[in-house]
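Summary of the model geometry
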Amino acid sequence: MTIFASGPTELSPAVPAVDRPGRAGVVLAHDYLTQRGGGERVALELARHFPDAPLVTSVYDRDATFPEFADRDVRASVLNRVAPFRRDPRRAFGLLALVMGRMPVPAGVLLASSSGWAHGLRSHGPKIVYCHNPARWLYQPDDYFSMLPPLARRAVGRALAPLRAWDRRAARTAHTYVANSTSVARRIEAAYGVQARVIHPPAGLDASGPVEPVPGLEPGFFLTVGRRRGYKNTQLVCEAVERTPGARLVAVGGLPGSRTWSDRLTGVSGISDAQLRWLYTHCSAVVAMSHEDFGLSPVEGFAFGKPSIVLRAGGYLDSGLEGVATVYVDREDAGALAAALAGFDPAAFDAAAVRAHGERFSSAQFGRRLHELVAEVVGGGARS
């Protein structure tokens, strides 16, 4: 079953103001604004904590991404004039490095939210890169191109060698690198030889906002949230739920189209934040089995007092707390996950303790640390 819905999204509630670093201007950047993903939620948080900063990006589709960007000074590249690129920036893959490297950028401290392109912008001041992950298609091609046969993946990897060289040159232009998790910090060091500090992103969804039911669903389901990309492992989650008698799953982003699933699995797409709050409120746990850079959905679930069942890997090692808020699955395997689902007991978790753990990832703390970092960079410190 698949459900489609639409509606607005909201930012986190207001947080106490943090002193700005002198008179230094800040310029924000993000790879592209064409979807409603975790990276775009972080870009919204950056815009919220630096409300006067222009936001530079390659392409911008206001109907496809979060509507709050319409209230910001978004400056897109020349690629934005081509409608197919706005619908899917991957179609501009061969042009993005060239265009981003030559795009005009206002003067100031450049704070670039990047997982592949924005760190290549030429800044007119110190450049801070908030890195979600070094470009997955360059450094983790087996994950990113998992749908291709092994020989094809190796051929693609060789073909991307010139872009990998550009990417490493772009990384050397940064004053300071920031990683969203310790796992990503290790990847940054491996890819670029740079030691990055870690600032965890906040849960982008405000748990206290409006709630709207999603029709046709009964509480008590497992919840997984993610775009339909191979490395998100939604297929594995679905297979595990199918193996678990009585278990139900709601997949935000839709069900994989590789097979017909039972009516215990429901895919939803285009839902509003109010509906997403209802899903978090009424699920029994958040399930995630991808090798995530950080992974926002378990952190969002914590704010609703919901534990997570996640792969013991990547950013989930930073965000989880075993026995209090998290059940770890040791293998990337449908059978291992099915065993964890079958043995899961929601009553074994204290919702208040889960929420208290989630407070580590507040919007206020995120904004404070970023303002402190910008002030440090302006003062001549914080080199990576």
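Residues numbered from 1 in each chain as written. Predicted model: local features only at pLDDT ≥ 70, side-chain atom pairs only at ≥ 80, totals over all residues. Heavy atoms only, no water.

**Section: the sheet that holds strand E6 (residues 127-131)**
Spatially, E4-E3-E2-E5-E6-E7-E8 is the arrangement adopted by the 7 strands of the open sheet, whose pairing is parallel. Among the strands making up the open sheet, the edge pair consists of strand E4 (74-76) and strand E8 (197-198). In this structure, strand E5 (residues 109-114) lies alongside E6, joined through 5 bridges in parallel fashion. What sits directly across from Ala112, in E6, is Val129. Against the sheet, helix H1 (residues 38-49) touches strand E2 (26-30), E5 and E6, its axis set at about 170° to E2. Helix H8 (residues 182-192) rests against E6, strand E7 (176-179) and E8 of the sheet, and its axis sits at about 140° to E7. (Pairing = 2+ DSSP bridges. Helix = DSSP H or I, 4+ residues; strand = E, 2+ residues; numbered from the N terminus. Contact = heavy atoms within 4.5 Å. Axes fitted to C-alpha atoms, helices over the stretch in contact; angles between N-to-C directions.)

**Looking at the pattern of salt bridges**
Pairing between side chains becomes possible if they bear opposite charge and their charged atoms approach one another. Per the counting criterion, the structure on display carries 13 salt bridges. Arg41 is the salt-bridge partner of Glu300, the closest N and O atoms lying 3.5 Å from each other. Of the two residues, Glu300 is situated in helix H11 (residues 296-303) and Arg41 in helix H1; the sequence distance between them amounts to 259 residues. Exposure class is identical for Glu300 and Arg41. Each is buried. A salt bridge links Asp333 to Arg331, with the nearest nitrogen and oxygen atoms 3.6 Å apart. The exposure class assigned to Asp333 is partly exposed, which follows from its relative accessible area of 31%. (Salt bridge = Lys/Arg side-chain N within 4 Å of Asp/Glu carboxyl O. Buried < 20%, exposed > 50% of the residue type's maximum accessible area, 1.4 Å probe, protein only.)

**Digging into the packing of aromatic side chains**
Across all of its chains, the model carries 12 aromatic pairs by this definition. Seen from their ring centres, Trp117 and Trp137 are 5.5 Å apart, and the 25° between their planes marks the pair as stacked. With Trp117 in the loop between E5 and E6 and Trp137 in helix H4 (residues 136-139), the pair connects residues that are 20 residues apart, well separated along the chain. Judged by relative accessible area, which is 7%, Trp137 ranks as buried. Relative to Trp166, the ring of Trp117 has its centre 5.9 Å away and its plane inclined at 40°; by these criteria the two rings are tilted. With a gap of 49 residues between them, Trp117 in the loop between E5 and E6 and Trp166 in helix H7 (residues 161-172) connect regions that are remote in the sequence. Taken individually, Trp117 and Trp166 each receive the classification buried, so the pair is uniform in this respect. An aromatic cluster is built from Phe93, Trp117, Trp137 and Trp166, whose rings are joined through pairwise contacts. (Phe/Tyr/Trp six-rings, centres within 6.5 Å; stacked < 30°, edge-to-face > 60°.)

**A closer look at the pairing of strand E10 (residues 249-252)**
Regular strands place side chains that alternate from one sheet face to the opposite one. Neither face of E10 is open: one carries Leu249 and Ala251, the other Val250 and Val252, and all of them are buried. Inspection of the sheet shows strand E9 (residues 221-225) paired to E10 by 4 bridges, in the parallel sense. From the neighbouring strand, Phe222 faces E10, where its bridge partner is Leu249. As paired strands, E10 and strand E11 (residues 265-269) are joined by 4 bridges and run parallel to one another. Its bridge partner being in E11, Val250 is matched across the sheet by Thr266.

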